[in-house]
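# Observations on the three-dimensional arrangement
Listed here are the chains, written in short residue letters.
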Amino acid sequence: PRPARRRPPPPPSAARAMASKMILKCGKTGRLFFSTEEAQEHAEAFGAAYANFEEVAMDTKVWVCVETKRPAYTEAEMQRIKQRDPDSKTWEEKTVEYLVELQKAKEQATRKKDRFFDSVDQKKLQALTEAKGYHRTRAAKALHFTKEKGTIEAAEAWMGEHAGDADVDKLTDEFLDSVFSASGSADVTMADASADVTMTDAAEAPDERKVGDPNPPEIKEKVNQDLLKQVMEMGFSELRAEKALYKIDNASLEHAVNWLAEHADDADIDLPCKPEPVAPQKPKMSPEEAQAKAIELQKRLRQKKAEEEKLSEKEKERMRIESTKMMVEANEKLKEEERKRAFEQMKREKEETDRHRAQLKEQMRLDYIERFGKEPPTEEEVQEQTIKEKSSKDQVAYFLSKMKKDYKDSDPAGLKTCLSTLRIYTKNLQDNPQDPKFKKLKLDNKAFQTRITPFSGAIEFLEVLGFDKKEDCLEQRKSVPDGWLCGNAIKFIDLILGQI
């Protein structure tokens, strides 16, 4: 049998075409890139974490929102967009090839709009938009429809007549198609080839202008008389005013004054404008010359188109990078919202626990009343009872610590005086246990009232040492005070005094 014939490799042009159709998908964000150059720029812009790509085919599934035209590359991404954007309700299943064709259609529409704006007088368009404040699309349409007259006044009159049109500020596909179908195709024809041929060897006429001569009639005819009057009322000569308005194409009074200020020191500022040159007759070209000129112009147009496409690709990549950054920020925002929701959930659970604890406490209070016929003791009473159950030494330490905690920051000088006085009382009991004058402290004594009474815990401390509160005094109830307890109390007082 005859051996099987091997299929020859594709030519270089076919290989490049196949490579150009390769689609790469970012493993981090899911974003699609239509060339390895775009993927490499993406990885360089965002770092190594975004450099993991995988190849996808043109028939890979994607989802496109009907309302916003926004694509989603996974079903999970589509669900996230639905949650964040209430307007994204209806989705259609498409392929990557559909996105490629959609992007081509958008770029083609953008090029058509740019081509229309470039077709009108840029100087007049700038004057209408910047000086007059008109919408750019409206001004371009007005200049297009009044290009035979070629004046700003005619364009403003057209905008006044069509101010109520619904699409006066829009460039619809129907309008652009009608404009370009009327002006012909983008290719240069034989008739266009002769448009740039001029007589360049003609001798230039000598300059015979003199100071004091008026501007030529054809210059005066193109000057707006109302603006001329306003400029002259500001003190400028008629010749300078006419020259300024002619140079700025009657844009505005402000532009005229700015032009006069910028050219006040020109050597020919007081010379009349040069007459407009008469267009020379263009010589007829042979068919061969016209063909060569047409080929040259077509080459220039193709070069210009290639440069515009290159700029458009760069802008598209910039938009892709910006979109990826926005997606990363949106993910961070989503995580932050999830953290807030978790915190709110913890807060609600804590409030629910506190309510449940309060209910249990109230139920225990009711049970106590039902059982004993009275209100349960308060927290202060329970604490007081707990303190009484402690030893005398522990009670002394408790009341002294409480006084330190309550008054160390608010009244350290008063606390120090109070503790010093208590130390004297305690030391007297320890050294003179049988002396009756140290066993009674008068409540109406001025020193007692200023040093002891204002400090909560001081009288309680004395009660632990054995003093009982009478009507007008504190009296020691023990015949012999507890010397050991007094000694420990003095040690505690000295310790706290050293910390103040």
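Since we're looking at a predicted model, the values are computed, not measured. (Residues numbered from 1 in each chain as written. Predicted model: local features only at pLDDT ≥ 70, side-chain atom pairs only at ≥ 80, totals over all residues. Heavy atoms only, no water.)

## Considerations on the overall build of the protein
When its secondary structure is counted, the protein shows 20 helices and nine strands. Expressed as a percentage of its 500 residues, the buried residues of the protein come to 29%. A separation threshold of at least 6 residues defines the contact pool for the protein, and within that pool the share at least 24 residues apart is 65%. Accessible surface computed for the protein: about 34,100 Å², of which carbon and sulfur atoms make up 51%. (Helix = DSSP H or I, 4+ residues; strand = E, 2+ residues; numbered from the N terminus. Buried < 20%, exposed > 50% of the residue type's maximum accessible area, 1.4 Å probe, protein only. Contact = heavy atoms within 4.5 Å. Areas by Shrake-Rupley, 256 points an atom, 1.4 Å probe, with all protein chains shown as cover.)

## What to know about the pairing of strand E9 (residues 473-476)
Along any regular strand the residues' side chains alternate between the sheet's two faces. Pairing between strand E7 (residues 440-442) and E9: three bridges, direction antiparallel. Across the sheet, the residue bridging to Lys-440 is Glu-475, located in E9. In this structure, strand E8 (residues 467-469) lies alongside E9, joined through three bridges in antiparallel fashion. Among the inter-strand pairings, Lys-469 is bridged to a residue of E9, identified as Leu-474. Counting the residues in the hairpin turn of E8 and E9 gives three residues. (Pairing = 2+ DSSP bridges.)

## Re the packing of helix H17 (residues 412-431) against helix H20 (residues 483-499)
H20 packs onto H17 with a crossing angle of 155° between their chain directions and a minimal axis gap of 9 Å. The angle between H17 and H20 places the two elements in the roughly antiparallel class. Crossing of H17 against H20: the hand is left-handed. Residues Lys-416, Leu-419, Ser-420, Leu-422, Arg-423, Thr-426, Lys-427, Leu-429 and Gln-430 of H17 touch H20, and the partners they reach there are Gly-483, Cys-486, Gly-487, Ala-489, Ile-490, Ile-493, Asp-494, Ile-496 and Leu-497. (Axes fitted to C-alpha atoms, helices over the stretch in contact; angles between N-to-C directions. Parallel < 35°, antiparallel > 145°, perpendicular 65-115°, else oblique. Left-handed = near helix turned anticlockwise from the far one by under 90°.)

## Quick word on the nonpolar core
If you look at the biggest cluster of nonpolar residues, it comprises 33 residues, and the most contacted ones within it are Phe-116, Leu-128 and Leu-245. Those elements that provide at least two residues to this core are helix H4 (96-118), helix H5 (122-131), helix H6 (136-145), helix H7 (152-161), helix H8 (173-183), helix H11 (225-233), helix H12 (238-247) and helix H13 (253-262). Judged by nonpolar contacts, the second largest core, of 31 residues, contains Ile-387, Tyr-407, Leu-429 and Leu-443. (Core = buried A, V, L, I, M, F, W, Y, C linked by side-chain atoms within 4.5 Å.)

## Focus on the packing of aromatic side chains
Taken as a whole and assessed by the stated rule, the structure comprises seven aromatic pairs. Aromatic pair Phe-116 and Phe-175: ring centres 5.3 Å apart, planes at 80°, arrangement edge-to-face. Taken together, the positions of Phe-116 in helix H4 and Phe-175 in helix H8 put the pair 59 residues apart, joining distant regions of the chain. For Phe-116, a relative accessible area of 0% gives the class buried. These aromatic residues form a ring-pair network of at least three members: Phe-116, Phe-117, Phe-145, Trp-158 and Phe-175. If you follow Lys-94 out to its NZ or CZ, it ends over the ring of Tyr-98, 4.8 Å from the centre. Positioned above the aromatic ring of Phe-175, the side-chain terminus of Lys-141 is 4.8 Å from the ring centre. (Phe/Tyr/Trp six-rings, centres within 6.5 Å; stacked < 30°, edge-to-face > 60°. Lys NZ or Arg CZ within 6 Å of the ring centre and 35° of its normal.)

## Quick look at H13
Among the residues of H13, those classed as buried are Ala-256, Trp-259 and Leu-260. Projected onto a plane normal to the axis of H13, the buried residues spread over an arc of 100° and lie on a single side. Away from its buried face, by an angle of more than 90 degrees, H13 presents the exposed residues Glu-254, Ala-261 and Glu-262. (Arc of directions from axis to C-beta.)

## What to know about unusual backbone geometry
One non-glycine residue with positive phi stands out, namely Lys-69, at about 65°. A positive phi angle, close to 60°, is found at Asp-249, a residue other than glycine. You can call Asp-249 partly exposed: its relative accessible area is 21%.

## Comments concerning a negative patch on the surface
Together, Asp-114, Asp-118, Glu-307, Glu-308 and Glu-309 give the surface a local cluster of negative charge. Secondary-structure elements contributing two or more residues to the negative patch are H4 and helix H14 (287-372). If one sorts the elements of the negative patch by residue count, H14 sits on top with three residues. Within the element layout of this structure, Glu-309 appears in helix H14. (Patch = residues over 30% accessible without salt bridge, like charges linked within 9 Å, V, L, I, M, F, W, Y side chains within 5 Å. Salt bridge = Lys/Arg side-chain N within 4 Å of Asp/Glu carboxyl O. Lys, Arg positive; Asp, Glu negative; His and termini not counted. Charge placed at Lys NZ, Arg CZ, Asp CG, Glu CD.)

## Things to note about the pattern of salt bridges
Where charged atoms from two side chains of opposite charge come close, those side chains can pair. One pass over the structure, following the stated rule, counts 25 salt bridges. Where Glu-352 meets Arg-355, a salt bridge forms, and the shortest distance between an N and an O atom there is 2.4 Å. One end of the pair, Glu-352, and the other, Arg-355, are both in helix H14, three residues apart, so they sit about a helical turn from each other. For Glu-352, a relative accessible area of 45% corresponds to the partly exposed category. According to the relative accessible area criterion, Arg-355 is partly exposed, its value standing at 43%.

## A closer look at the environment of Ser-479
Within the fold, Ser-479 resides in the loop between E9 and H20. Judged by relative accessible area, which is 56%, Ser-479 ranks as exposed. Put simply, Ser-479 and Pro-436 are 43 residues apart on the chain and 9.4 Å apart in space, counted from C-alpha to C-alpha. Non-local contacts of Ser-479, meaning those with residues more than four positions away in its chain, are made with Pro-433, Gln-434 and Lys-439.

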